[in-house]
Amino acid sequence: MDLGVRWRLHGDGKVPAPGAVVRPDERLSWPRTAGLGAQHVVAMFGASFVAPVLMGLDPNLAIMMSGVATVIFLLATRGRVPSYLGCSLSFVGVAAVIRAQGGTSATVTGAVLVVGAVLFLVGLAVQRFGARIIHAAMPPVVTGAVVMLIGFNLAPVTASTYWPQDQWTALFVMLFTGLAVVCLRGFWSRIAIFLGLVFGYVLSWALDRIFGKIHSVDGSGKLTDHWRLDFSAVGQADWIGLPTFHGPSFEWSAILVALPVVIALIAENAGHVKAVGEMTGDNLDDKLGTAISADGVGSMLSTAVGGPPNTTYSENIGVMAATRVYSTAAYWAAAGFALLFGLCPKFGAVVAAIPGGVLGGITVILYGMIGLLGAQIWINAKVDLRNPLNLVPAAAGIIIGVGNVSMEFTDTFSLSGIALGTLVVITGYHALRAFAPAHLKTQQPLLDEGTSSYDAKSENGSAGGDGDGGAQRARS
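As the structure is a computational prediction, the values presented were derived from the model and not from experiment.

### Notes on the overall build of the protein chain
Working step 1: The secondary structure content of the protein chain amounts to 21 helices and eight strands.
Working step 2: A burial count over the protein chain gives 54% of its 476 residues as buried.
Working step 3: Contacts in the protein chain between residues far apart in sequence, at least 24 positions, make up 78% of those at least 6 positions apart.

So, in structure tokens, the structure goes:
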């Protein structure tokens, strides 16, 4: 069985020829491959470490399980889809809502584990029936609205939790990160969040030295005099040791809050497979279902031991685009580095010490970008918001999600925010479509145009949608 762990040497193994690409089944020399792997780890550092901190989970465990999830993904896709699976930011809002309802870390990971299981089943369904089933249940207008309300639902977290801890640091970090995203080029623009973290650390340290302690709310919400940057836990942490594990706890209220994120993860995976396919010139449609299922398995395994969920990372797509090296060997190296970092508690303590003001500046941009990904889905799919069939359910769901509107069904069961907004968008769209006049039911493009040929084969009966029939689109 070919597991995609054999690579032929590209050229002399040193520098690719001008215009040449290093394909997924090729590699450079092992020292250079290791260097590329380290670069991929750095690229995902910013977002992948901010996410577990925002979710209240162990960053050491997060980085370790991201390495494990990446290995699972590479094996499942037989080395055809180069990808790194880092901690998913889509669940940050979910974690905040669950904790606000009195949930613990076990409650958060239990709810997300169920989401991973659902994602795994969706992947199997896509393998069996083709990507058209995604479009039927979640057309672009629905997917875009759900992604948007998930991102914008996070706005109060920044406004009430992080920004007030140090408003001036937050402002300068926001400005620096924004400049880094816009003005830097190539690899450096892809690690703008990481650069923003580094800048925030240095700025917080300098302000502590110049002005002393700050009088503001701390991470617990208490108004106190405290240092902006507190490294006391770093000195106490060991250099080598296992991260903190815990088992999941399952509560229906938390699960219902988390389930809508499945839609965002499907969109992320579909976009990733399409993007990598376009870069390498290979058709990876037959691996879409496998990629979705592998993402689900990786998230299930991570959350089962107390870690955060994982998803494919666009930052690493940027690294591949900049270097033109698509070798999956580099991702195996990255996974190895992640496992080593996960075994260093002192490294995790440094991450956990990120000042609240720094997080305030970064999350202003990060949360907004998550929400606007929904708008990007609408633009790419040419969703017509002049059509009331599209406009009404999206508008209602977004306001409910962003405003955290709550609806009580019984004394012990209620839905609010993300869960209620998603329910309104999905059920509202399909209910209105059932009664809408024919001229409003215009045909919409697929969630991801990269799946169109896959679906065409499924309809012709030549591929069956199981990923094994038809032309083996030599994917990554």
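From this point, the discussion proceeds with the structure in view.
### A few points about the pattern of salt bridges
Working step 1: The tally for this structure, following the rule as stated, stands at six salt bridges.
Working step 2: Between R80 and D286 there is a salt bridge, with the nearest N and O atoms lying 2.9 Å from each other. Pair noted here: R80 is in the loop between helix 2 (59–76) and strand 3 (85–87) and D286 is in the loop between helix 13 (261–280) and helix 14 (288–304), with a separation of 206 residues, a long-range link. In this pair, the class of R80 matches that of D286, namely buried.
Working step 3: Overlapping salt bridges bring together R8, D25 and E26 as one network.

### Here's the deal with unusual backbone geometry
Working step 1: One non-glycine residue, R78, lies in positive phi territory at about 60 degrees.
Working step 2: One can find R78 in the loop between helix 2 and strand 3.
Working step 3: Overall, the relative accessible area of 31% leaves R78 in the partly exposed class.

### A short note on the environment of N316
Working step 1: Take N316: it is sitting in helix 15 (residues 314–323).
Working step 2: Here N316 falls in the buried class, since its relative accessible area comes to 0%.
Working step 3: Each C-alpha atom, one on N316 and one on Q39, is 9.0 Å from the other, the two residues being 277 residues apart in sequence.

### Looking at a nonpolar patch on the surface
Working step 1: A grouping of L385, L391, V392 and L432 is seen on the molecular surface, where their side chains present a nonpolar patch of about 300 Å² in accessible area.
Working step 2: If you trace the backbone, L385 turns up in the loop between helix 18 (356–381) and helix 19 (388–403).

### Regarding the confidence of the model for the protein chain
Working step 1: Confidence in the prediction for the protein chain averages 80 pLDDT; 86% of positions are at 70 or higher.
Working step 2: Scored below 50 in pLDDT, residues 445–476 makes 101 contacts in the model with residues more than four places away or belonging to other chains.

### Side note on helix 14
Working step 1: The first and last C-alpha atoms of helix 14 sit 24 Å apart over 17 residues, in line with the 24 Å expected at 1.5 Å per residue.
Working step 2: Counting buried positions along helix 14 gives 13 out of 17 residues, so the element sits mostly inside the fold.
Working step 3: One or two positions beyond helix 14, positive phi appears at G306, with a value near 105 degrees.

### Looking at the packing of aromatic side chains
Working step 1: Taken as a whole and judged by the stated rule, the model has three aromatic pairs.
Working step 2: Relative to F199, the ring of F176 lies with its centre 4.3 Å away and its plane at 5 degrees, an arrangement referred to as stacked. Here F176, found in helix 8 (residues 167–183), pairs with F199, found in helix 10 (residues 192–211); they are 23 residues apart in sequence, far enough to count as distant.
Working step 3: F176 gets classed as partly exposed once you look at its relative accessible area, which sits at 30%.
Working step 4: Overall, F199 belongs to the partly exposed group, its relative accessible area being 25%.
Working step 5: Note on Y201 and F231: the rings are 6.0 Å apart at their centroids and 20 degrees apart in plane angle, and the pair reads as stacked. Here Y201, found in helix 10, pairs with F231, found in the loop between strand 5 (223–226) and helix 11 (232–236); they are 30 residues apart in sequence, far enough to count as distant.
Working step 6: Note that R209 overlies the ring of W227, its terminal NZ or CZ placed 5.7 Å from the centroid.
Working step 7: Of note, K346 hangs over the ring of W239, and the distance from its end group to the ring centre comes to 5.1 Å.

### Re the packing of helix 3 (residues 92–100) against helix 4 (residues 105–129)
Working step 1: At a closest axis distance of 9 Å, the pairing of helix 3 and helix 4 adopts a crossing angle of 135 degrees. Of the possible angle classes, the one that applies to helix 3 and helix 4 is oblique. Classified by chirality, the crossing of helix 4 by helix 3 is right-handed. Side by side, helix 3 and helix 4 meet where A95, I98 and R99 of the first sit next to S105, T107, V108 and A111 of the second.
Working step 2: Residues of the contact of helix 3 with helix 4, tallied by class, amount to four nonpolar, two polar and one charged.

### Examining the packing of helix 4 against helix 14
Each pair of packed helices can be summarised by the angle the axes make with each other and by the distance between the axes.
Working step 1: Closest axis-to-axis distance for the helix 4/helix 14 pair is 7 Å, and the angle between their directions is 160 degrees. The orientation of helix 4 relative to helix 14 falls into the category roughly antiparallel. Helix 4 and helix 14 meet at a crossing whose hand is left-handed. Residues T109, V112, L113, G116, A117, L119, F120, V122, G123, L124, V126 and Q127 of helix 4 lie in contact with helix 14, whose contacting residues are L288, G289, T290, I292, S293, D295, G296, V297, S299, M300, T303 and A304.
Working step 2: When grouped by side-chain class, the residues that make up the contact of helix 4 with helix 14 number 13 nonpolar, 10 polar and one charged.

### Quick notes on the side chain of T303
Working step 1: Examined against the element boundaries, T303 turns out to sit in helix 14.
Working step 2: T303 gets classed as buried once you look at its relative accessible area, which sits at 0%.
Working step 3: Excluding residues that lie within four positions of it along the chain, T303 makes contacts with T109, V112, L113, P248, P308 and P309.

### Things to note about the nonpolar core
Working step 1: M55, V92, I266, I292, Y367 and W378 are the most contacted members of the largest nonpolar core, which totals 98 residues.
Working step 2: In this structure, Y367 is in contact with L54, V92, G151, L154, V157, T158 and Y162, ignoring residues within four places of it in sequence.
Working step 3: V22, L28, V325 and A330 belong to the second-largest nonpolar core, a separate cluster that totals five residues.

### Quick look at helix 6 (residues 140–152)
Working step 1: Under the 1.5 Å per step criterion, the end-to-end length of helix 6 is 18 Å for 13 residues, consistent within 8% with the ideal 18 Å.
Working step 2: Counted residue by residue, helix 6 has 12 buried out of 13 residues, so it is predominantly covered.
Working step 3: For helix 6, every residue scored as buried is listed here: P140, V141, V142, T143, G144, A145, V146, V147, M148, L149, I150 and G151.

Rules of the game
Residues numbered from 1 in each chain as written. Predicted model: local features only at pLDDT ≥ 70, side-chain atom pairs only at ≥ 80, totals over all residues. Heavy atoms only, no water. Helix = DSSP H or I, 4+ residues; strand = E, 2+ residues; numbered from the N terminus. Buried < 20%, exposed > 50% of the residue type's maximum accessible area, 1.4 Å probe, protein only. Contact = heavy atoms within 4.5 Å. Salt bridge = Lys/Arg side-chain N within 4 Å of Asp/Glu carboxyl O. Patch = residues over 30% accessible without salt bridge, like charges linked within 9 Å, V, L, I, M, F, W, Y side chains within 5 Å. Areas by Shrake-Rupley, 256 points an atom, 1.4 Å probe, with all protein chains shown as cover. pLDDT = per-residue confidence, 0-100. Expected span 1.5 Å × (residues − 1). Phe/Tyr/Trp six-rings, centres within 6.5 Å; stacked < 30°, edge-to-face > 60°. Lys NZ or Arg CZ within 6 Å of the ring centre and 35° of its normal. Axes fitted to C-alpha atoms, helices over the stretch in contact; angles between N-to-C directions. Parallel < 35°, antiparallel > 145°, perpendicular 65-115°, else oblique. Left-handed = near helix turned anticlockwise from the far one by under 90°. Nonpolar A, V, L, I, M, F, W, Y, C, P; charged D, E, K, R; others polar. Core = buried A, V, L, I, M, F, W, Y, C linked by side-chain atoms within 4.5 Å.

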